[in-house]
Number of protein chains: 2
Amino acid sequence: MSHRVVVIGGGFGGLNAIQSLRRASVEITLIDRRNFHLFQPLTYQVATGALSPGEVAYPLRAIFKSEQKVRVMLAEVAGFDLDARQVHLTKTLGMDAAPDPVPYDTLIVAAGSSYSYFGHEDWREFAAEVKTLESAIAVRAEILRGFEAAEIMDDPDARQAQLTFVVVGAGPTGVEMSGQIAEMAHDTLRRNFRAIDTGTARVIMVDALDRVLTSFPESLSRKAQRSLEHLGVTVMLNRTVVGIDDESVTVSDDGGTTERIPAKTVIWAAGVTASPLARQLSELSGAEIDRAGRLTVEGDLTLPGHPEVIALGDMVRVRAADGAPVTYPGVAPVAIQQGHYAGKLVADRLKGRATSPFKYFDKGNLATIGRGRAVAQIRFLKLSGLPAWVMWLGVHLWYLIGFQNRLLVMIKWAISFFTHGRSARIITNQPAESVAPPTPR
Amino acid sequence: MSHRVVVIGGGFGGLNAIQSLRRASVEITLIDRRNFHLFQPLTYQVATGALSPGEVAYPLRAIFKSEQKVRVMLAEVAGFDLDARQVHLTKTLGMDAAPDPVPYDTLIVAAGSSYSYFGHEDWREFAAEVKTLESAIAVRAEILRGFEAAEIMDDPDARQAQLTFVVVGAGPTGVEMSGQIAEMAHDTLRRNFRAIDTGTARVIMVDALDRVLTSFPESLSRKAQRSLEHLGVTVMLNRTVVGIDDESVTVSDDGGTTERIPAKTVIWAAGVTASPLARQLSELSGAEIDRAGRLTVEGDLTLPGHPEVIALGDMVRVRAADGAPVTYPGVAPVAIQQGHYAGKLVADRLKGRATSPFKYFDKGNLATIGRGRAVAQIRFLKLSGLPAWVMWLGVHLWYLIGFQNRLLVMIKWAISFFTHGRSARIITNQPAESVAPPTPR
């Protein structure tokens, strides 16, 4: 029987691990809760109607259709039995019992992270994130509904609250969302309404730190902030969010002065927390976890004491040669490189070859702000404006999996660049009240 | 002040009414519960993953962006005050009160129809339809989940129930859904699974009548049935559905013999019922309604006694010269022609011109079964197979609103014709249990 590799998670990490195992004599089982790979760097574009869900999601089965040795399971991991080397699954898909545990010889866990609400789980209801596809679709509906509600409202205060969009977090996702919403309001949706001027919409980006895009050099942060302000975004720095409800966001400055901002739509793009599977692996193995729930793995990404278990991506920190854990940025290139490394490690072992510890090759840092506006840092090169945006566009298109997706997205972007359009503006997940009226119409 | 026209419904009827009023001196308010026009003849393709939701839906505001005299309201009609000439709206979009009533000089109601479950409302939960976009997305997820569940199940009976798809109704929608599901199982999804052979999936189409596509000549019905059977669909005619639950469909033949078919996925494509707004207008005006809830309007589509109120599309029957009400087929061309007629009637009146009663120009009848398979009847011409399918393709692409949609859909269809692919196969509306796991992963 060939070596059984079980991969948890069909994100960049998992897919690239499998990719590196293509020629190895292994049988692979990929377990994911979703039936698609999600191109996370562009998921936020679904939230602003620039892309359709199908353009950033690709069915896992279609990816591995021709790879007979890869089996895909749509299932959710309940836990691990590290001694018996088995993955336990939850009851799913309306089945009467949980599926049988899945045995492994090597386990690769690449389960990612999700947004953390800093212990304020009650905020989740009012401040959706744009990391999962479902949530991005919900945010799209919420943003569009804000404009729709404003159009049929008479009270000016209520109207302004509908037209106020608060983005919490000034990292790449927060910057991109703020820029895109501002573009929607000031450009795409202009002339679409009759009672309101969408140009009066306010987009407010709040962050507790003193600059935007802190992972970039200061000069680029300043440029990005100016670009945002040019698009009409109000950038509120050094402000902590202290409250979110159905009607407003309350922020507090360093001195403790609070301000309540009436706003119906709030988007959460602040801190992330590792998959709870990181904590489970920590409890089973005694490995450290940090405050963000990230598991500390060895330099070769293996679980301490369990060389047959590999964990990677933004659910882990990696122990450096000096023993200190290193936190890599939670971006796709890290997951891709660690995935490749994990696959190679398994293949090398099967051939009896040693593998040197994981080394991250930092290709640079990119963030887009709007049409023709972006910032980029590649080693010592700093770019902003159109050149950075063109680079951002090229890199993202290149990595979009699947020929068809790449082609359609390219056409769509070309069209929307020239027409300022935004075609994927449908509201599909209407709240119960409007989806299911008392009687069908 | 110019003449105020209120149009209810942004379907084919409503849009074409507005189109015919472009040059008239009127102010138009379009009220719809959805923010998009839905290309209903292709909505079922969303349910099988052949098209993405955004490809059959187009934002109403984008359509009327440059028409300053058209105002779009995302709202739901609560009722009418025919004396005061006002439309009342329901409370919506999280507002504290319902929006102000909308006054009209002329009212055009084109609110369409929905599926009727023959008084078995409890079946709706187990047998979704594919007429609304939301429901089509849900059906897509359900079909795909059937295959996913079968892949991880061991019990052969439970597996077969997951792989059994029952379509109720042998009209165009039922035929198209059956054919497409069979193609998915026997072609698109083949080689995508490891534990199951998707070719063992059963697609069963049930109808109480003795042939499929009864709106077509008998010879085409026979050809369509043979095409379906060739695709692997089991066609069960002369069978009445007497029960649907979470696990099965029970059918009864003429002699009263019942058969229980274990099936997890049931698609409802049987009878339709007119919008409840038809009944409201009937109660307010004394106009007749039939068993399917359709309102009887005059030969010029006006409400009896209320020439300022026009109703059209598949929510009405039209009184002929001899006084008998005529039921037109519930297809797009009828709504399009009646919409045009309604717009022209209003424009003519404003100019003091008389308009002759509505006359339907029957361009023919088209139904598709699968890739390269369709039936078509145009006057005395009967087509089947590839020529009918090419015609079907051309007609549908032509009518798809919006340049971009038309282009993208054409590319997608070209790709999928050659690759047998089906790219929009993502499951987005996961049930609560899997969308919101106890802890984020």
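Cut-off values and rules
Residues numbered from 1 in each chain as written. Chains lettered and ligands numbered in written order. Predicted model: local features only at pLDDT ≥ 70, side-chain atom pairs only at ≥ 80, totals over all residues. Helix = DSSP H or I, 4+ residues; strand = E, 2+ residues; numbered from the N terminus. Buried ≥ 20, exposed ≤ 12 C-beta atoms within 10 Å, placed from the backbone. Contact = placed C-beta atoms within 7 Å. Axes fitted to C-alpha atoms, helices over the stretch in contact; angles between N-to-C directions. Left-handed = near helix turned anticlockwise from the far one by under 90°. Nonpolar A, V, L, I, M, F, W, Y, C, P; charged D, E, K, R; others polar. Domains from an automatic or database assignment. Parallel < 35°, antiparallel > 145°, perpendicular 65-115°, else oblique. Pairing = 2+ DSSP bridges. pLDDT = per-residue confidence, 0-100. Right-handed = clockwise from strand over helix to strand, strands pointing away.

Details of the overall build of chain A
Looking only at helices and strands, chain A features 13 helices and 27 strands. Along the three orthogonal principal directions, the C-alpha set of chain A runs to about 70 × 60 × 45 Å. Of all 441 residues assigned to chain A, the portion counted as buried reaches 54%. Of all intrachain contacts in chain A linking residues separated by at least 6 positions in sequence, the fraction that spans at least 24 positions is 61%.

Remarks on unusual backbone geometry
Residue and element names in this part refer to chain A. A positive phi angle is found at Arg85, which is not glycine, with a value near 55°. Along the chain, the position of Arg85 falls in the loop between strand S6 (77-81) and strand S7 (86-89). In this structure Arg85 comes out as partly exposed when scored by C-beta crowding, with 19 C-beta atoms within 10 Å.

Details of the packing of helix H1 (residues 12-20) of chain A against helix H10 (residues 332-350) of chain A
Helix-helix packing is characterised by the crossing angle of the two axes and by the distance between the axes. All names here are of chain A. Two elements in contact, H1 and H10, have axes whose closest approach is 7 Å; the angle formed by their N-to-C orientations is 35°. Crossing geometry of H1 relative to H10 is assigned as right-handed. Every residue of H10 that contacts H1 at Phe12, Gly13, Gly14, Leu15, Asn16, Ala17, Ile18, Gln19 and Ser20 is listed here: Ala332, Ala335, Ile336, Gln338, Gly339, His340, Ala342, Gly343, Lys344 and Ala347. In terms of residue class, the contact of H1 with H10 is built from nine nonpolar, nine polar and one charged.

Digging into the domain arrangement of chain A
The figure often quoted for interface size is the accessible area lost as the parts come together. Residues and elements named next belong to chain A. Each domain of chain A was delimited in the assignment, giving domain 1 (3-115 + 273-350) and domain 2 (121-270). Between domain 1 and domain 2, the C-alpha centre-to-centre distance is 32 Å. On the domain 2 side, the residues contacting the 14 residues of domain 1 number 17 residues. Among the secondary structure elements, those contributing two or more residues to the side of domain 1 that touches domain 2 are helix H2 (43-47) and strand S10 (113-115). Looking at the side of domain 1 that touches domain 2, the element that brings in the most residues is H2, giving four residues. When grouped by side-chain class, the residues that make up the side of domain 1 that touches domain 2 number nine nonpolar, five polar and no charged.

Section: the packing of helix H7 (residues 172-188) of chain A against helix H8 (residues 218-231) of chain A
Residue and element names in this part refer to chain A. Contact pair H7 / H8: the axes reach a minimum separation of 9 Å and the direction vectors enclose 25°. In terms of orientation, H7 and H8 fall into the roughly parallel class. Crossing of H7 over H8 shows left-handed handedness. In contact with Val175, Ser178, Gly179, Ala182, Glu183 and His186 of H7, H8 contributes Ala224, Leu228 and Leu231. Class assignment for the residues of the contact of H7 with H8 results in five nonpolar, three polar and one charged.

A look at the sheet that holds strand S15 (residues 240-244) of chain B
Residue and element names in this part refer to chain B. Taking strand neighbours across the sheet as the criterion, the three strands line up as S15-S16-S17 in an open arrangement whose pairing is antiparallel. Every other strand in the sheet has two partners, leaving S15 and strand S17 (258-262) as the edge strands with one partner each. Neighbour-to-neighbour, the strand axes of the sheet open up by a mean angle of 25°, direction not taken into account.

Description of the sheet that holds strand S9 (residues 106-109) of chain B
With respect to topology, six strands assemble into an open sheet ordered S5-S2-S1-S9-S22-S21 (chain B), the strand pairing being mixed. The strands lining the two open edges of the sheet, one partner per strand, are strand S5 (70-74) and strand S21 (302-303) of chain B.

Describing the confidence of the model for chain A
Summing up the model confidence of chain A, the mean pLDDT is 89 and the portion of residues at 70 or higher is 90%. Taken together, the stretch residues 430-441 of chain A has pLDDT below 50 and engages in 15 contacts with residues farther than four places along the chain or on a different chain.

A word on the pairing of strand S2 (residues 26-32) of chain A
Residue and element names in this part refer to chain A. Of all the seven residues making up S2, six are buried; the element is thus mostly covered by neighbouring parts of the structure. This β-α-β element, strand S1 (residues 3-8) to H1 to S2, shows right-handed connectivity. As paired elements, S2 and strand S5 (residues 70-74) share five bridges and run parallel to each other. Following the sheet pairing, Thr29 is matched in S5 by Arg71.

Some details on the pairing of strand S18 (residues 265-268) of chain A
Residue and element names in this part refer to chain A. By the alternation rule, side chains of S18 split into Thr265 and Ile267 and Val266 and Trp268, which are all buried. Two elements, strand S11 (residues 127-128) and S18, share two bridges in a ladder whose sense is parallel. Looking across to S18, one finds that Ala127 is bridged to Val266. Relative to S18, strand S12 (residues 164-168) is paired through four bridges, and the arrangement is parallel. Looking at S18, one finds that Val167 is bridged to Ile267.

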